[in-house]
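Coordinate analysis (summary)
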Amino acid sequence: MNTAEIQRQLRALTDRAEITDLMDRYLRSLDEGVFDEEWARAFHTEDVTAEMPIGTVHGRDALLAHIRLGMALFDRTVHLGTNAVIEVDGDRATARGAQLSTHVLADGSGGLFISAGHADNELVRTADGWRISASALRVVWTQGSPPRLPAELAPVSAA
């Protein structure tokens, strides 16, 4: 094996490890509950598009506001991601994995809401490392009662 091939393989492994780390840190951050501008920049491009069960948003600021409102519906959460398939093509990549999310409702009922589905992400390499440029969470099944959504989180597309 020549040096160029070793470098190519090392780059591919490094990219996959960095993307896996980003996705794992993102899911963990949802449970830690600190959603500020630093959080948004650490995971998303400025022009990110995110499709979620509570609506679609465009732009990092809109995503940050939406996540803050959505996560405030829960007292505690645990988000698990697994079975990620990552494909890297130069400075772009896709990552698709399974996601299981357990939520304790913040309404004082102690109720649980569990959802499971697939997370599809598009990523780009930036000067600060890999960032999510588009994401879509497609829920396949749920258990328990979902939280009552405030009007500003109505599941419609936001421009």
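Residues numbered from 1 in each chain as written. Predicted model: local features only at pLDDT ≥ 70, side-chain atom pairs only at ≥ 80, totals over all residues. Heavy atoms only, no water.

A closer look at the pairing of strand β2 (residues 55-58)
Direction of pairing for strand β1 (residues 44-52) relative to β2: antiparallel, over a ladder of four bridges. Residue pairing for β2: M52 is matched across the bridge by G55. Where β1 folds back on β2, the antiparallel hairpin that results is connected by two residues. (Pairing = 2+ DSSP bridges. Helix = DSSP H or I, 4+ residues; strand = E, 2+ residues; numbered from the N terminus.)

Observations concerning the packing of aromatic side chains
Scanning the model with the defined rule gives four aromatic pairs in all. Pairing Y26 with F43 gives two aromatic rings, centres 5.5 Å apart and planes at 70 degrees, and the pair type is edge-to-face. Here Y26 is found in helix α1 (residues 3-32), whereas its partner F43 is found in helix α2 (residues 37-43), with 17 residues between them in sequence. Take Y26: its relative accessible area is 14%, and that puts it in the buried class. A relative accessible area of 4% means that F43 is categorised as buried. These aromatic residues form a ring-pair network of at least three members: Y26, F35, W39 and F43. (Phe/Tyr/Trp six-rings, centres within 6.5 Å; stacked < 30°, edge-to-face > 60°. Buried < 20%, exposed > 50% of the residue type's maximum accessible area, 1.4 Å probe, protein only.)

Points about the pattern of salt bridges
This structure, assessed with the given rule, holds ten salt bridges. Between D15 and R125 there is a salt bridge whose closest N-O contact spans 2.8 Å. In this pair, D15 sits in helix α1 while R125 sits in strand β5 (residues 112-126), placing the two residues 110 residues apart along the sequence. With a relative accessible area of 3%, D15 lands in the buried category. Using a relative accessible area of 23% as the deciding quantity, one classes R125 as partly exposed. Salt-bridge contacts for R138 lead to D120; the nearest nitrogen and oxygen are separated by 3.4 Å. Remark: D120 occurs in strand β5 and R138 occurs in strand β6 (residues 129-144); sequence separation between them is 18 residues. Connected via shared salt-bridge partners are R11, D15, D91 and R125. (Salt bridge = Lys/Arg side-chain N within 4 Å of Asp/Glu carboxyl O.)

In short, shape yes, function no, at least from these values alone.
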